[in-house]
Amino acid sequence: MGKIIAIASQKGGVGKTTTAINLSSCLALEGKRVLVIDSDPQASLTFGLGMRKNGSSIKGLYEVFIKKASLKEAMYNVINNLYLVPAKIDLFMAELEFFDTEERERMLKVVLDDYREEFDYIFIDCPPSFSILTLCCLVASDSVIIPVQCEQLALEALRIFIKLLWRIKANFNENLELEGILLTMFSRHLTLSRTIAEDVKKVFRSKTFNTVIPRNIALSEATMNGKPAIIYAPQATGSIAYMELAREILCKYEY
Ligand SMILES: Nc1ncnc2c1ncn2[C@@H]1O[C@H](COP(=O)(O)OP(=O)(O)O)[C@@H](O)[C@H]1O
Ligand SMILES: [Mg+2]
């Protein structure tokens, strides 16, 4: 049965979307059937996977929420084994329109549970906020990957976010687990970067992925060009790191 993993943090710019693009495409390249869902109205994941059209002919998560499309109708094949449910700007409306709906936080869960058999992994790229949309994503998920950028003071924000996760677990989704903390944008030669990585590992040792994602411009360039880095620049250090992360996850669940 497929695993549903949210990639989330209340902070923006920490590497959520980059991780969603590159982890999902590396797992697809390894032969897994993968679905990735863009739940951020800013649609960076959608853009980063090369979908640049935005018209009404494109169905996205908003249409799924308002039942104008089934999840299947809003799925687009990106590369072999990888499917995307895009976001468009109209997803901003979802928060306002669904604010009063009963069971609004279960909307995504109800939809996704039907697709667990079809995919090995379903990733959800979350918005950078505590919002109804984020709550929807976390209620639908089995676990959460929290990217931590090794360039900002991270520990306090991380503690706050993990507290929030345990609250959601207690109140909405008892199955929710912390999949792992992912150190991103690591620069070996920066003292600050090393200090942050050491601090996070000290406090959350068993919950931090062994794989660390380096700061690597090829990751940004690939996203700007609408391609997963492993296809755009397969030899780049960032591409190799995301493939290592994919294998770390596969080792945990498949071998
Ligand atoms: N490891 C990395 N090395 C270099 N640039 C990165 C890396 N990870 C992310 N970026 C860049 O940093 C910016 C923010 O990353 P993004 O994944 O969009 O964060 P979030 O989704 O958390 O807001 C983007 O421009 C992205 O291309
Ligand atoms: Mg993002």
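Quick look at the structure, then.

Conventions used here
Residues numbered from 1 in each chain as written. Chains lettered and ligands numbered in written order. Predicted model: local features only at pLDDT ≥ 70, side-chain atom pairs only at ≥ 80, totals over all residues. Helix = DSSP H or I, 4+ residues; strand = E, 2+ residues; numbered from the N terminus. Rg over C-alpha atoms; globule rule 2.2 N^0.38 Å. Buried ≥ 20, exposed ≤ 12 C-beta atoms within 10 Å, placed from the backbone. Near = placed C-beta within 6 Å. Nonpolar A, V, L, I, M, F, W, Y, C, P; charged D, E, K, R; others polar. Pairing = 2+ DSSP bridges. Axes fitted to C-alpha atoms, helices over the stretch in contact; angles between N-to-C directions. Parallel < 35°, antiparallel > 145°, perpendicular 65-115°, else oblique. Left-handed = near helix turned anticlockwise from the far one by under 90°. Contact = placed C-beta atoms within 7 Å. Arc of directions from axis to C-beta. Core = buried A, V, L, I, M, F, W, Y, C linked by C-beta atoms within 7 Å.

### Here's the deal with the overall build of the protein
Okay, step 1: For the protein, the helix and strand inventory stands at eleven helices and seven strands.
Okay, step 2: Here the C-alpha atoms of the protein give a radius of gyration of 17 Å, agreeing with the 18 Å that 2.2 N^0.38 yields for 255 residues.
Okay, step 3: With respect to the principal axes defined by its C-alpha atoms, the protein has extents near 50 × 40 × 35 Å.
Okay, step 4: Taking all 255 residues of the protein together, 46% fall into the buried category.

### A word on the site of ligand 1
Okay, step 1: Neighbouring ligand 1 are 19 residues; Gly15, Lys16, Thr17, Thr18 and Ser220 lie closest to it.
Okay, step 2: Elements represented by at least two residues in the shell around ligand 1 include exactly α1 (16-29) and α9 (217-224).
Okay, step 3: When residues of the shell around ligand 1 are assigned to their parent elements, the largest contribution, four residues, is made by α9.
Okay, step 4: Considering only residue class, the shell around ligand 1 consists of six nonpolar, eleven polar and two charged.

### Structural notes on the environment of Ile66
Okay, step 1: Tracing the sequence through the fold places Ile66 in the loop between α3 (61-65) and β3 (76-79).
Okay, step 2: Considered as a pair, Ile66 and Phe98 are 32 residues apart in the sequence and their alpha carbons are 9.3 Å apart.

### Details of the pairing of strand β2 (residues 34-38)
Okay, step 1: Counting buried residues in β2 gives five out of five residues, a clear majority hidden from the surface.
Okay, step 2: Residues of β2 alternate between two faces, with Val34, Val36 and Asp38 on one and Leu35 and Ile37 on the opposite face, all of them buried.
Okay, step 3: Where β2 lies against strand β4 (residues 82-85), four bridges are found, and the strand directions are parallel. Opposite Leu35, over in β4, you have Tyr83 as the bridge partner.
Okay, step 4: Bridge count between β2 and strand β5 (residues 121-125): five bridges; the pairing is parallel. Bridging across to β5, Val36 finds its partner in Phe123.

### Describing the packing of α1 against helix α11 (residues 237-254)
Okay, step 1: Look at α1 against α11: their axes get within 8 Å of each other, and the N-to-C directions meet at 65°. Comparing the axis directions of α1 and α11 gives the class roughly perpendicular. As for the relative orientation of α1 and α11, their crossing is right-handed in sense. Where α1 approaches α11, its residues Asn22, Leu23, Cys26 and Leu27 are matched on the opposing element by Tyr242, Met243, Leu245 and Ala246.

### Re α9
Okay, step 1: Every buried residue belonging to α9 is among Leu219, Ala222 and Thr223, and all of these are buried. For α9, the arc enclosing every buried residue in end-on projection is 95°, short of the 170-degree limit, so these residues lie on one face. Those residues of α9 that are exposed and angled more than 90 degrees off the buried face are Ile217 and Met224.
Okay, step 2: Those residues of α9 hidden inside the fold are in contact with α1, α2 (44-48), α10 (229-232) and α11.

### Some remarks on the sheet that holds β2
Okay, step 1: On the basis of which strands lie adjacent, the open sheet formed by seven strands has the order β3-β4-β2-β5-β1-β6-β7 and mixed pairing. Every other strand in the sheet has two partners, leaving β3 and β7 (177-184) as the edge strands with one partner each. On average, each strand axis in the sheet is inclined to that of its neighbour by 25°, with strand direction left out of account.
Okay, step 2: Sheet analysis places strand β6 (residues 143-149) next to β7, joined by seven bridges and oriented parallel. Within β7, the position partnered with Pro147 by the bridge is Leu182.

### Remarks on the nonpolar core
Okay, step 1: Membership of the largest hydrophobic core comes to 79 residues, with the highest contact counts inside it found for Cys137, Val148 and Tyr242.
Okay, step 2: The biggest single contributor to this core is helix α6 (residues 132-140), with seven residues.

### Observations regarding α6
Okay, step 1: Of all nine residues in α6, eight are buried, a share of seventy percent or more.
Okay, step 2: Three or more residues of α6 are buried, namely Leu133, Thr134, Leu135, Cys136, Cys137, Leu138, Val139 and Ala140.
Okay, step 3: As for α6, its buried residues are in contact with β1 (3-7), α4 (91-97), α5 (107-113), β5, β6 and α7 (155-171).

### Let's talk about the environment of Asn54
Okay, step 1: Along the chain, the position of Asn54 falls in the loop between α2 and α3.
Okay, step 2: Measuring from C-alpha to C-alpha, the distance between Asn54 and Lys88 comes to 6.7 Å, with 34 residues separating the pair along the chain.

### A word on the environment of Tyr242
Okay, step 1: Looking at the secondary structure, you find Tyr242 in helix α11.
Okay, step 2: Classification of Tyr242 by C-beta neighbours within 10 Å gives buried; the count is 26.
Okay, step 3: Each C-alpha atom of the pair Tyr242 and Ile7 lies 14 Å from the other, and the pair is 235 residues apart in sequence.

Any link to function would need more than the numbers given here.
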